[in-house]
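Tertiary structure, described
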Amino acid sequence: MLARHSLAWLTPAGWREAEAASDRDCRDAITRWRQADWPTIVRRRDADAGDEQCAVGLALPPDPASGYKKRIALQASLVHVDKVLPPLAMEEAIAEAPSPWREPLAELARTARSAGMTLRVYGSLALQTLTGQAYLTASSDIDVLCYPVTREQLTVMLGFLQATAAHVPLDGEIVFPSGQAVAWKEWLAAENGPTGVRVLVKEWDGVYLAKLSELHDTLERK
C-alpha cells in the first residue's frame, strides 16, 4: 500500500525514469542509491502528478560542515515500483540510536506492542538504519509513527509519547486508520487549546485543516 513514509524499491526502468527527470547535479547521488539497492521514501504526491505516478524521494546524509541535508524529490510510474514495505518498525532501528536513548525507545516500543500497536520510524534514524550512513547528529529528532485504531490506544500512546519525550527528542505523527496523519505534538497542543481548534492533516495527495472530533470519529470506540 502506498502511503507517506513507506519504503519503495524501484525497478531498473523506474530508476531510469526517475533519473531522467531529475536535476543533473543529483544524478551521481541517485546512481549510488540505485546501485546500493536502498529504498526510496514515498512522499506526498505533487499537485500536477497523474494517478499513474508515485512521488518518492531520498535524503542524503547531513554535510559534516554545515549540517545541510540535501533532499531529492523523484517521480516514478506506479508500474515501475517493484516493492513497497511499511516504514521500519522501531525495534529494527533502536540499535542505531545513541545509547542513552535506546532503553527509553525500547520501553516505548514495548508499551505500544502491549497496547496492540507497532510503532514505526522515519527520518534520520530510519535512514541511518537502512543505509548504514551517518544521519543522526546532536540536533536530530527521533521521528515516530503511531497507528491507533481505537480511542483508547490514542490516549495511551499520546501519554507515553509525551513521557518519553522528556528523555528522548521525539517527533513524528499519529496516523489514523483512514491514512490521515497529524503531528502528535500538534494534537496534544490542540487538546489543550480552545474548543474547535483545527490541526494540520497530511495525506498522500494533500494537506488540510480538520477538527479533532473529525479524526476521533475515524477511531473505534471500546
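Residues numbered from 1 in each chain as written. Predicted model: local features only at pLDDT ≥ 70, side-chain atom pairs only at ≥ 80, totals over all residues. Heavy atoms only, no water.

**Examining the sheet that holds strand E4 (residues 71-77)**
Taken together, the five strands give an open sheet; going across it, the order is E4-E3-E2-E1-E5, and neighbouring strands pair in antiparallel fashion. Strands at the two margins of the open sheet, each flanked by one partner only, are E4 and strand E5 (81-85). Sheet twist, expressed as the mean angle between neighbouring strand axes with direction ignored, is 40°. Here strand E1 (residues 7-10) pairs with E5 via four bridges, running antiparallel. Following the sheet pairing, Trp9 is matched in E5 by Lys83. Sheet strands touched by helix H1 (residues 12-20): E1, strand E2 (40-42) and E4. Its angle to E4, the strand with the most contacts, is close to 125°. (Pairing = 2+ DSSP bridges. Helix = DSSP H or I, 4+ residues; strand = E, 2+ residues; numbered from the N terminus. Axes fitted to C-alpha atoms, helices over the stretch in contact; angles between N-to-C directions. Contact = heavy atoms within 4.5 Å.)

**Focus: the pairing of strand E12 (residues 206-211)**
Bridge count between strand E11 (residues 198-203) and E12: six bridges; the pairing is antiparallel. Bridging across to E12, Leu200 finds its partner in Leu209. Connecting E11 to the antiparallel partner E12 that follows it, the hairpin turn spans two residues.

**Examining the packing of helix H4 (residues 99-114) against helix H6 (residues 151-164)**
Running from amino to carboxyl end, H4 crosses H6 at an angle of 175°, the nearest separation of the two axes being 11 Å. Classified by the angle between their axes, H4 and H6 sit roughly antiparallel to one another. Side by side, H4 and H6 meet where Pro104, Leu108, Thr111 and Ala112 of the first sit next to Met157, Phe160, Leu161 and Thr164 of the second. Of the residues contributing to the contact of H4 with H6, the split by class is six nonpolar, two polar and no charged. (Parallel < 35°, antiparallel > 145°, perpendicular 65-115°, else oblique. Nonpolar A, V, L, I, M, F, W, Y, C, P; charged D, E, K, R; others polar.)

**Regarding the nonpolar core**
Counting 39 residues, the largest nonpolar core has Met90, Leu105, Leu119, Ile142, Leu170, Phe176 and Trp187 as the members making the most contacts within it. Those residues in contact with Trp187, other than ones at most four positions away along the chain, are Leu154, Leu158, Ile174, Phe176, Val182, Leu212, Leu215 and His216. Ranked by size, the runner-up nonpolar core spans 20 residues in total, among them Leu10, Trp15, Ala18 and Val42. (Core = buried A, V, L, I, M, F, W, Y, C linked by side-chain atoms within 4.5 Å. Buried < 20%, exposed > 50% of the residue type's maximum accessible area, 1.4 Å probe, protein only.)

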